[in-house]
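Notes for the structure review
Here is what each chain is made of, one letter per residue.
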Amino acid sequence: TKAGITATLNARASILAAANPIHGRYDRSKTLRANVQLSAPILSRFDLFFVVLDECDDVADYNVAKHIIDVHRCDEAVVDPPFSQDQ
């Protein structure tokens, strides 16, 4: 309903949106709305919400970052799998 007019419209597009939490970390003690500070009218426009949490793990984060850097440096040991396609 907008300006007293009720209409049903066909949806021909899907929207995927992303939002980062306030202060860079998701606070599990707060609601989604409080974490991203979006108003109720904006949140009501979405049907589904998926919260993706990144658990802080220095070792795992280091290994992922090292792998990405090695791939971009074309390090053969990283790019070549330890087995052949025949196996």
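What counts and what doesn't
- Residues numbered from 1 in each chain as written.
- Predicted model: local features only at pLDDT ≥ 70, side-chain atom pairs only at ≥ 80, totals over all residues.
- Heavy atoms only, no water.
- Helix = DSSP H or I, 4+ residues; strand = E, 2+ residues; numbered from the N terminus.
- Buried < 20%, exposed > 50% of the residue type's maximum accessible area, 1.4 Å probe, protein only.
- Contact = heavy atoms within 4.5 Å.
- Patch = residues over 30% accessible without salt bridge, like charges linked within 9 Å, V, L, I, M, F, W, Y side chains within 5 Å.
- Areas by Shrake-Rupley, 256 points an atom, 1.4 Å probe, with all protein chains shown as cover.
- Salt bridge = Lys/Arg side-chain N within 4 Å of Asp/Glu carboxyl O.
- Lys, Arg positive; Asp, Glu negative; His and termini not counted.
- Charge placed at Lys NZ, Arg CZ, Asp CG, Glu CD.
- pLDDT = per-residue confidence, 0-100.
- Expected span 1.5 Å × (residues − 1).
- Polar contact = N/O pair within 3.5 Å; in protein donor to acceptor, adjacent residues only side chain to side chain.

What to know about the overall build of the protein
- When its secondary structure is counted, the protein shows four helices and zero strands.
- Here the protein holds 87 residues, and the buried ones make up 5% of them.
- Of all intrachain contacts in the protein linking residues separated by at least 6 positions in sequence, the fraction that spans at least 24 positions is 23%.

Here we look at a negative patch on the surface
- Taken together, the side chains of Asp54, Asp57, Asp58 and Asp61 present a region of like negative charge at the surface.
- Judged by relative accessible area, Asp54 falls into the exposed class, the value being 58%.

Some remarks on the pattern of salt bridges
- Applying the stated rule across the entire model yields two salt bridges.
- A salt bridge links Arg28 to Glu55; its shortest N-O distance comes to 2.5 Å. Residue Arg28 is located in the segment before helix 1 (32-36), and its partner Glu55 is located in the loop between helix 2 (40-43) and helix 3 (58-72); the two are separated by 27 residues in the primary sequence.
- The exposed category is assigned to Arg28, whose relative accessible area is 58%.
- Here Lys66 ties to Asp70 by a salt bridge, and the two come within 2.8 Å at their closest N and O atoms.

Focus on the confidence of the model for the protein
- The predicted model of the protein averages 82 in pLDDT, with 83% of residues at 70 or higher.
- The least confident element of the protein, judged by mean pLDDT, is helix 4 (residues 76-79) at 66; the most confident is helix 1 at 90.

Points about the side chain of Asn35
- Here Asn35 lies in helix 1.
- Apart from the residues lying within four places of it in its own chain, the contact partners of Asn35 are Asn20, Pro21, Ile22, Arg25, Tyr26, Asp27 and Lys30.

What to know about helix 3
- With 15 residues, helix 3 should reach 21 Å at 1.5 Å per residue; the first-to-last C-alpha distance of 21 Å fits that figure.
- At the N-terminal end of helix 3, a side-chain oxygen is found 3.2 Å from the backbone nitrogen of Val59, two or three residues along, and the residue is Asp57.
- Of the residues flanking the end of helix 3, it is Cys74, one or two places downstream, whose phi is positive at about 60°.

What to know about unusual backbone geometry
- Of note in the backbone geometry, His23 takes a positive phi value of approximately 65° without being a glycine.
- Position of His23 relative to the elements: it lies in the segment before helix 1.
- Here the phi dihedral of Gln37 falls at roughly 50°; this positive angle occurs in a residue that is not glycine.

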